[in-house]
Amino acid sequence: MLLRAFAASQESALLTALQEVAAGSPFRRMTTPGGYRMSVAMTNCGERGWITDETGYRYDALDPRTATSWPAMPPVFREVATAAATAAGFADFAPDACLISRYEPGARLSLHQDKDEIDLESPIVSISLGLPVVFLFGGHRRSDRPLRVPLAHGDVVVWGGPARLRFHGVLPLRDGRHPLLGASRVNLSLRKAR
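Everything quoted here is computed from the prediction, not taken from an experiment.

Caption draft 1: Inspection of the overall build of the chain at higher detail. Scanning the chain from terminus to terminus reveals two helices and 14 strands. Relative to the compact-globule value of 16 Å for 194 residues, the chain shows a C-alpha radius of gyration of 15 Å, a close match. The principal-axis extent of the C-alpha atoms belonging to the chain is close to 35 × 35 × 35 Å. Burial status across the chain gives 52% buried among its 194 residues. Sequence-distant contacts in the chain: of pairs separated by 6 or more residues, those separated by 24 or more amount to 74%.

Caption draft 2: A look at the pairing of strand 10 (residues 133–137). Of all five residues in strand 10, four are buried, a share of seventy percent or more. Pairing of strand 10 with strand 11 (residues 147–151), which is carried by five bridges, proceeds in the antiparallel orientation. Bridge pairing in strand 11 links Phe-135 to Val-149. Two strands pair when backbone bridges link them, and strand 10 and strand 13 (residues 168–170) are joined in this way by three bridges, in the antiparallel orientation. Within strand 13, the residue paired with Phe-135 across the bridge is Val-170.

Caption draft 3: Structural view of the sheet that holds strand 2 (residues 41–46). As summarised here, the arrangement of the six strands in space is 1-12-9-14-7-2, forming an open sheet in which the pairing is antiparallel. What marks the edges here is a single partner per strand, and that holds for strand 1 (2–3) and strand 2. Strand direction decides the pairing type here: strand 1 and strand 12 (residues 156–159), joined by two bridges, are antiparallel. Following the sheet pairing, Leu-2 is matched in strand 12 by Val-157.

Caption draft 4: Quick peek at the sheet that holds strand 8 (residues 109–112). The sheet built from four strands is open, its strands ordered 8-13-10-11 with antiparallel pairing. The open sheet terminates on both sides in strands that have one partner only, identified here as strand 8 and strand 11. Pairwise comparison of adjacent strand axes, ignoring direction, gives a mean angle of 20° for this sheet. Bridging between strand 8 and strand 13 involves two bridges; their strand directions are antiparallel. From the neighbouring strand, Leu-109 faces strand 13, where its bridge partner is Val-170.

Caption draft 5: Broad picture of the pairing of strand 14 (residues 185–191). With seven of its seven residues buried, strand 14 lies for the most part within the structure. With burial as the criterion, each face of strand 14 is covered, one bearing Arg-185, Asn-187, Ser-189 and Arg-191 and the other bearing Val-186, Leu-188 and Leu-190. As paired strands, strand 9 (residues 124–130) and strand 14 are joined by six bridges and run antiparallel to one another. Looking at strand 14, one finds that Leu-129 is bridged to Val-186.

Caption draft 6: Geometry of helix 1 (residues 11–24). Between its terminal C-alpha atoms helix 1 stretches 20 Å, which fits the 20 Å expected from 14 residues at 1.5 Å a residue. Of the surrounding secondary structure, the elements contacted by the buried residues of helix 1 are strand 2, helix 2 (75–87), strand 7 (97–103), strand 9 and strand 14.

Caption draft 7: Here's a closer look at the side chain of Asp-63. Looking at where Asp-63 falls in the secondary structure, it is placed in strand 5 (residues 62–63). For Asp-63, a relative accessible area of 0% puts it in the buried group. Within the structure, Asp-63 has its side chain in polar contact with the backbone nitrogen of Arg-65 (distance 2.8 Å). Contacts of Asp-63, omitting those with residues within four sequence positions, involve Ser-25, Arg-28, Thr-68 and Trp-70.

Caption draft 8: Structural context of the nonpolar core. Ranked by internal contacts, the top residues of the largest apolar core, which has 31 residues, are Leu-14, Phe-77, Ile-100, Val-125, Ile-127, Leu-188 and Leu-190. If you list the elements that add at least two residues to this core, you get helix 1, strand 2, helix 2, strand 7, strand 9, strand 12 and strand 14. Leaving out residues up to four positions away in the same chain, Ile-127 has contacts with Ala-7, Leu-14, Val-80, Asp-155, Val-156, Val-186, Asn-187, Leu-188 and Leu-190. If you look at the next biggest cluster of nonpolar residues, it comprises 26 residues, including Ile-51, Val-133, Phe-135 and Leu-151.

Reading the values: the criteria
Residues numbered from 1 in each chain as written. Predicted model: local features only at pLDDT ≥ 70, side-chain atom pairs only at ≥ 80, totals over all residues. Heavy atoms only, no water. Helix = DSSP H or I, 4+ residues; strand = E, 2+ residues; numbered from the N terminus. Rg over C-alpha atoms; globule rule 2.2 N^0.38 Å. Buried < 20%, exposed > 50% of the residue type's maximum accessible area, 1.4 Å probe, protein only. Contact = heavy atoms within 4.5 Å. Pairing = 2+ DSSP bridges. Axes fitted to C-alpha atoms, helices over the stretch in contact; angles between N-to-C directions. Expected span 1.5 Å × (residues − 1). Polar contact = N/O pair within 3.5 Å; in protein donor to acceptor, adjacent residues only side chain to side chain. Core = buried A, V, L, I, M, F, W, Y, C linked by side-chain atoms within 4.5 Å.

Structure, rendered in structure tokens:
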């Protein structure tokens, strides 16, 4: 479900919380098991953070860069995500992890499934901030032609149930300037990892 401008009224609180998380666990471009350096810079908050390196994809309680726990999930992240999940029909959503992705012009995310979570019943709640982007929402096979969904600052996308394992991604971010985030887009992707 696409909830247009759902998070816009909370932009100030979301961006302040984002800065605090990034101060504790800085953004970094991770490397996939195949040796590919991702174009998207990432960090995490919550009980566990999603990471990738030469050993694989996984959730870990410790930030490998700082060797400390990930920053606590800011209450405003949880509040916006649970309200969006409830609006989409997932009233009992209780996220324990938030993967934060920062896109700069040219950065993209290829079609993939979010399947490293133990809990595949809970939805994914994706909050867009900053520059507009085209979100790709595909089928259950990578070869299925994806829908192209334009997303703007404050939009929230929620998918779960039968759609939970659909392939999704992001087209390369176009050049531009957002009044609050400059030449970037940030995505907060909340989920129940355990």
